[in-house]
Amino acid sequence: MPKRGRELLQEIARDPSDGRTTDGDTAFDFDPGEVEISDEPVLDRLEPAVREWWVEEFGQYVPQNGGFFTPPQREAIPLVDEETNALVCAPTGSGKTLASFTAILNDLFARDREREDGLENSVYCLYVSPLKSLANDIHRNLTVPLEGISERLGDRGADVEVRHAIRHGDTDSADRQRMLSETPHILNTTPETLAILLNAPKFREKLRTVEYVIVDEIHSLAENKRGTHLSVSLERLEDLAETSPTRIGCSATVEPLSTMAEFLVGRDDEGTVRDHEIVDTRFVRDFDLQLECPTDDLINTPRSEIQNGFYHRLHELIDDHENTLVFTNTRSGAERVLENLRGSFDAYDDDNSGCHHGSLSKSRRQAIEEGLKSGSLDVVTTSTSLELGIDMPHLDLVIQVGSPKSVASLLQRVGRAGHSLGQTVEGRVLALDHDELVECAVMLQKAKSGFVDRVFIPEKAHDVAAQQIYGIAINAVRREEEVLQTLRRAYPYRNYTDRDWERLCRYLTADYEGLEAKNVYAKIWRDTNDPPSGPHHHDGFDVGEPLIGKRGRMARVIYMTNIGTIPDSFTCEVRTRNGDEWVGTLDENYLDTLEEGDVFVLGGDRFAYRYRRGSKVYVDRTSARPTVPSWFSERLPLSYDLGREIASFQGDVLDHLRAGGRPAVRGWLRDFPIDENAVRAIAQLFDEQHQYAGAESVATDERFVVEAELDRETYRRHFYVHSPYGRRFNDGLSRLVAARCANRTNANVQIAVADNGFSLSMPLNRKVDVAAILRDLDPAAVRVELREALEETDLLKRYFRIDATRSLMILKRYKGYEKSAAEQQVSAEMLLSFADDLDDFAVMEETYREIIEDKLNLRAIEEILHAIDRGDVTVSSIRVDSPTPRAFGLATLLASDVVLAEDESAVLQEFHARVQDAIDEGDETVSEPGTTSS
């Protein structure tokens with residue numbers, strides 16, 4: 001009779017050789033016969049060999065958890081064992097992925113032993129991850145338990161085999177072929193490869209036996225079209241599999257959990273959310289978080305002193321810890337921090353420090369990863385490439401330089417430290433400008449209170465639907481009703497209307513005059529089933545039943561070589577209009593931020609953007625102040641939810657200022673996880689803002705602020721709109737306001753967008769009431785106005801290319817030829833005007849939808865404008881001779897992600913001197929007549 005959980009504990013307690021901790025001490029400081037063990041019911045679920053392996057492997061968890069399982073494992077293993085769909089949300093390092101695999105392995109080993117012929121030669125479990133670099137996670141969470149359990153079964157004389165393999169886009173043809181003859185029982189793959197396997201005639205048959213699907217890092221998939229694509233693939237798998245697979249989602253800290261769970265499990269044919277459970281153990285780890293600033297005066301302290309303070313503190317923190325990971329917000333920032341560390345201190349060289357980001361070679365990244373895993377590197381700098389993936393067992397500190405822009409991102413990055421439960425997660429955030437000080441102070445305080453930003457899932461994306469419907473049609477003729485039903489079961493398409501479906505089918509059947517003349521051909525046919533005597537009769541379907549099937553002899557090849565949702569990108573040549581001089585290159589992502597007349601820095605020189613033709617950008621040299629910083633396209637945008645918290649925080653600051661001045665603000669801020677320099681800098685910032693321009697100059701959750709400056713030196717009128725709701729929100733809102741300003745003044749309006757607001761600039765002789773424009777915006781008309789504002793922009797051209805390629809309107813690969821991203825762009829621009837003129841054209845509609853909803857945060861803009869309409873949010877307007885302290889960032893937009901540039905520092909000092917002089921002289925800011933508030 002197999003040992004039960006308590007019997008096994010008692011045996012190990014008598015002979016602790018199987019339950020020792022890493023330092024050699026026994027993990028059991030109790031009598032298993034007397035003490036209640038909360039893990040006994042979980043242990044009893046496991047097969048004897050699995051149970052023994054687990055106890056021997058993880059006995060050291062007892063002191064931290066009161067048992068052998070971490071909280072997410074204690075809850076998840078029984079759910080998976082009972083074949084219950086489950087979302088497991090827990091911090092990095094808490095063993096959620098291992099929990100899923102353990103319950104599945106327990107089932108597969110038992111079945112392999114009980115069946116005379118063992119497991120079938122097919123797939124039982126799919127593990128889907130956003131990362132190709134799965135090897136380390138798979139080793140820790142699957143290979144180790146597989147080998148350990150197999151060894152114990154072998155000791156018992158049992159000859160069992162559970163196979164696993166990894167398959168993604170880089171898997172060679174020999175390995176792919178081998179998987180047909182010797183199929184892995186557990187297959188590790190990516191969303192893109194899963195979609196291909198569902199259309200692979202031979203391998204898709206191997207998926208009929210799938211009973212479990214693990215979706216790892218589901219939070220990083222749900223917020224983009226990779227997740228949208230996967231959600232439909234899971235429904236296609238549902239149609240294919242013999243039984244409905246149990247779905248297990250593994251997520252880091254995320255919100256809202258209910259939405260994430262619904263995204264994971266989808267809906268049944270009646271539209272009801274499938275049954276599921278949520279394992280919420282997001283806050284089972286102890287965090288030691290602190291915001292630090294090298295000085296309490298970021299403006300008047302010399303740049304060299306700020307830089308020295310920053311790097312000395314960085315060195316001090318690294319020196320006090322075993323392994324340190326430093327996150328910056330850009331790749332160039334990661335390289336610069338490492339270079340300056342090595343240049344400032346003899347302690348760092350190639351052997352004990354490194355940099356890791358996506359632009360480095362694969363071999364270089366792998367070398368850094370090995371150093372992190374082995375603990376041989378004292379410090380590694382990175383941007384985003386190490387947020388997910390590899391295990392770093394020696395990492396005991398994460399440093400974030402600047403704001404990570406969301407609580408979720410902060411917890412994800414800092415969670416890389418202390419990579420197991422029972423260890424305190426230590427993270428330090430170093431901020432070097434006032435805007436980031438405010439952001440990070442609020443962020444850390446909200447993280448401390450358990451706040452998490454929401455994930456927003458793209459809705460009803462036509463381009464992804466086009467790919468998936470094409471794939472379904474390629475496999476077999478299907479009832480149209482069933483195909484639509486499959487699509488609607490996926491969470492992002494739960495509200496896909498009949499009109500949406502008709503629009504999609506019109507595109508897929510090329511039901512537009514002139515479309516095929518543009519070499520855009522039908523991908524499916526759509527018709528009713530003929531009688532048996534008719535030319536288009538399909539057995540198995542009723543006569544007159546609406547059916548869907550594939551069009552074209554090369555349909556399968558086109559599909560298999562062109563699907564996916566990650567867009568290709570390219571760099572653009574930058575040339576002067578005068579003389580056609582080549583001056584450098586720009587990443588095309590950067591062009592999203594540029595409008596005609598915008599000024600940027602390239603190679604140390606300043607250029608005004610004029611227009612783009614294909615992959616060439618044309619500019620004029622200029623001495624004007626830059627309006628778009630060089631790092632703009634790399635940085636993550638501030639989350640809207642955190643922006644709302646910042647607005648509320650600023651209202652609280654005003655309350656404390658009114659109650660007791662700067663000392664009261666400092667006293668209140670000392671309850672935040674921030675150092676004294678940050679306390680003093682933030683208190684001074686808002687006190688000077690209040691003294692210079694009054695409470696009406698501070699944006700809160702109840703007030704927008706429009707700050708007007710007349711710059712007579714440059715003969716420009718500048719408006720600084722204080723709106724702390726993030727760059728996506730401000731990008732969308734600024735386009736609406738600028739379009740109205742341009743229409744009313746007949747002037748070219750320059751826009752610069754930041755996370756805490758946006759600036760508008762126009763000739764001094766043009767007058768416009770920006771506050772009134774904000775009040776007049778109609779929430780119901782915003783979508784239409786944004787659409788009009790996007791016409792003929794580079795942003796529209798780029799996204800049309802991306803969505804046309806996703807929709808297979810433009811083929812990346814055809815008959816052995818591969819189109820580069822630049823060539824795709826040329827094709828897109830040739831098709832754009834034609835597509836824009838078509839009625840209700842799915843690809844065009846998706847292009848506008850993606851930009852307006854996903855990129856420009858339409859939902860949030862409508863929400864705030866409704867609040868203005870109701871009077872819950874007012875719009876105040878002030879006139880200033882020089883920007884207020886909270887507008888310094890908007891007025892310059894040149895701050896680096898690590899340190900301030902010399903010329904930027906000088907401009908800030910000049911702004912601050914003007915503010916201080918006005919305060920000393922007792923001047924009061926004058927409001928423009930009739931525009932003080934709504």
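All values reported here derive from a predicted model rather than from experimental measurement.

### Describing the overall build of the protein chain
So, point 1. Helices and strands together make up the secondary structure of the protein chain, namely 34 helices and 28 strands.
So, point 2. When the 934 residues of the protein chain are sorted by exposure, 60% land in the buried category.
So, point 3. For the protein chain, contacts bridging at least 24 residues in sequence account for 74% of all contacts bridging at least 6.
So, point 4. Of the roughly 36,500 Å² of accessible surface on the protein chain, a fraction of 43% belongs to carbon and sulfur atoms.

### Considerations on the environment of E707
So, point 1. Looking at the element boundaries, E707 is found in strand 22 (residues 703-711).
So, point 2. With relative accessibility at 0%, the residue E707 sits in the buried group.
So, point 3. Along the primary structure E707 and I878 are separated by 171 residues, whereas in three dimensions their C-alpha atoms are 5.0 Å apart.
So, point 4. Non-local contacts of E707, meaning those with residues more than four positions away in its chain, are made with H718, F719, Y720, H722, I878, V880, S882, P883, T884 and A887.
So, point 5. There is a polar contact of 2.7 Å between the side chain of E707 and the side chain of H722.

### Description of the pairing of strand 12 (residues 395-401)
So, point 1. Here strand 12 lies mainly inside the structure; six of its seven residues are buried.
So, point 2. With five bridges joining them, strand 9 (residues 323-327) and strand 12 adopt parallel strand pairing. Its bridge partner being in strand 12, L325 is matched across the sheet by V398.
So, point 3. The sheet contact formed by strand 12 and strand 13 (residues 425-430) spans four bridges and is parallel. In the strand pairing of strand 13, Q400 is matched with V429.

### A few points about the packing of aromatic side chains
Given two aromatic rings, their pairing is described by the distance between the two centres and the angle made by the two planes.
So, point 1. As enumerated under the stated definition, the model contains 20 aromatic pairs in all.
So, point 2. Ring centres of W668 and F672 lie 5.1 Å apart, and the angle between their planes is 75°; on these two criteria the pair is classed as edge-to-face.
So, point 3. W668 sits in the buried class, given a relative accessible area of 18%.
So, point 4. Judged by relative accessible area, which is 9%, F672 ranks as buried.
So, point 5. In this structure an aromatic cluster arises from ring pairing among Y640, F704, Y725 and F729.
So, point 6. Positioned above the aromatic ring of F203 is the side chain of R167, whose terminal nitrogen or guanidinium carbon lies 5.2 Å from the ring centre.
So, point 7. The lysine or arginine in question, R506, covers the ring of Y512, its NZ or CZ lying 4.0 Å from the ring centre.

### A short note on the side chain of E480
So, point 1. Here E480 is to be found in helix 20 (residues 480-489).
So, point 2. A residue is classified by how much of its surface remains accessible, and E480, at 13% relative accessible area, is buried.
So, point 3. When neighbours within four sequence positions are excluded, E480 is seen to be in contact with W501, R526, P546, L547 and I548.

### Some details on unusual backbone geometry
So, point 1. The amide bond that connects E255 to the next residue, P256, takes the cis arrangement and shows omega of -5°.
So, point 2. Here P256 is to be found in the loop between strand 6 (246-251) and helix 13 (257-265).
So, point 3. With phi around 80°, K405 is a residue other than glycine that occupies positive phi space.
So, point 4. Take K405: it is sitting in the loop between strand 12 and helix 17 (407-414).
So, point 5. With relative accessibility at 5%, the residue K405 sits in the buried group.

### Remarks on the pattern of salt bridges
So, point 1. In the structure shown here, the tally under the stated rule is 76 salt bridges.
So, point 2. D620 serves as the salt-bridge partner of R577, at 2.6 Å between the closest nitrogen and oxygen. Here D620 lies in strand 21 (residues 616-621) and R577 lies in the loop between strand 17 (571-576) and strand 18 (582-587), a separation of 43 residues in the sequence.
So, point 3. For R577, a relative accessible area of 44% gives the class partly exposed.
So, point 4. Taking the shortest distance from any N to any O, the salt bridge between D794 and K797 comes out at 4.0 Å. Here K797 and D794 lie together in helix 29 (residues 794-806), a separation of three residues that amounts to about one turn.
So, point 5. Connected via shared salt-bridge partners are E235, E238, D239, R247, D269, R274, R478, R479, E482, R489 and E545.

### Points about the sheet that holds strand 13
So, point 1. Spatially, the six strands line up as an open sheet ordered 8-13-12-9-11-10, and their pairing is parallel. For this open sheet the edge positions go to strand 8 (287-292) and strand 10 (353-356), each flanked by a neighbour on one side alone. Between one strand and the next, the sheet's axes are offset by a mean angle of 20°, whatever the strand orientation.
So, point 2. Sheet topology note: the strand 10/strand 11 (residues 379-382) ladder contains four bridges and is parallel. Counterpart to S353 in the pairing with strand 11 is V379.

### Describing the sheet that holds strand 2 (residues 125-128)
So, point 1. Across the sheet, which stays open at both edges, the seven strands sit in the order 3-4-2-5-6-1-7 with parallel pairing between neighbours. At either end of the open sheet lies a strand with only one pairing partner, and these are strand 3 (164-166) and strand 7 (277-280). With strand direction ignored, the average angle separating the axes of adjacent strands in the sheet is 15°.
So, point 2. Running over the sheet, helix 12 (residues 225-240) touches strand 2, strand 5 (212-215) and strand 6 and is turned about 175° from strand 5.

### A closer look at the packing of helix 5 (residues 71-81) against helix 6 (residues 96-114)
So, point 1. Remark: helix 5 packs on helix 6, axes separated minimally by 8 Å, with the N-to-C direction vectors making an angle of 35°. Considering only the axes of helix 5 and helix 6, their crossing is right-handed. Together, Q73, A76, I77, V80 and D81 of helix 5 and L98, A99, S100, T102, A103, I104 and N106 of helix 6 make up the contact between the two elements.
So, point 2. Along the lines of polarity and charge, the residues of the contact of helix 5 with helix 6 split into seven nonpolar, four polar and one charged.

### With respect to the environment of S181
So, point 1. Position of S181 among the secondary structure elements: in helix 8 (residues 173-181).
So, point 2. Separated by 59 residues in sequence, S181 and S122 place their C-alpha atoms 9.4 Å apart.
So, point 3. In terms of polar contacts, S181 uses its side chain to reach the backbone carbonyl oxygen of R178, at 3.1 Å.

### Concerning the confidence of the model for the protein chain
So, point 1. Taken as a whole, the protein chain shows an average pLDDT of 88; of its residues, 90% reach a score of 70 or greater.
So, point 2. Scored below 50 in pLDDT, residues 894-900 makes 31 contacts in the model with residues more than four places away or belonging to other chains.
So, point 3. For residues 925-934, every residue scores under 50 in pLDDT, and the model assigns this stretch 30 contacts once sequence neighbours within four places are set aside.

### Examining a negative patch on the surface
So, point 1. A surface patch of negative charge is lined by E788, E791, E792, D836 and D837.
So, point 2. Here E791 shows up in the loop between helix 28 (782-790) and helix 29.

### Here we look at the packing of helix 12 against helix 13
Packed helices, taken two at a time, are described by the angle their axes make and the gap between the axes.
So, point 1. At a minimum axis distance of 8 Å, the contact between helix 12 and helix 13 shows a crossing angle of 50°. In terms of orientation, helix 12 lies oblique with respect to helix 13. Each of G227, T228, S231, L234 and E235 in helix 12 lies in contact with helix 13, whose residues at this interface are F263, L264 and V265.
So, point 2. Here the residues of the contact of helix 12 with helix 13 sort into four nonpolar, three polar and one charged.

Rules and cut-offs
Residues numbered from 1 in each chain as written. Predicted model: local features only at pLDDT ≥ 70, side-chain atom pairs only at ≥ 80, totals over all residues. Heavy atoms only, no water. Helix = DSSP H or I, 4+ residues; strand = E, 2+ residues; numbered from the N terminus. Buried < 20%, exposed > 50% of the residue type's maximum accessible area, 1.4 Å probe, protein only. Contact = heavy atoms within 4.5 Å. Areas by Shrake-Rupley, 256 points an atom, 1.4 Å probe, with all protein chains shown as cover. Polar contact = N/O pair within 3.5 Å; in protein donor to acceptor, adjacent residues only side chain to side chain. Pairing = 2+ DSSP bridges. Phe/Tyr/Trp six-rings, centres within 6.5 Å; stacked < 30°, edge-to-face > 60°. Lys NZ or Arg CZ within 6 Å of the ring centre and 35° of its normal. Salt bridge = Lys/Arg side-chain N within 4 Å of Asp/Glu carboxyl O. Axes fitted to C-alpha atoms, helices over the stretch in contact; angles between N-to-C directions. Left-handed = near helix turned anticlockwise from the far one by under 90°. Nonpolar A, V, L, I, M, F, W, Y, C, P; charged D, E, K, R; others polar. pLDDT = per-residue confidence, 0-100. Patch = residues over 30% accessible without salt bridge, like charges linked within 9 Å, V, L, I, M, F, W, Y side chains within 5 Å. Lys, Arg positive; Asp, Glu negative; His and termini not counted. Charge placed at Lys NZ, Arg CZ, Asp CG, Glu CD. Parallel < 35°, antiparallel > 145°, perpendicular 65-115°, else oblique.

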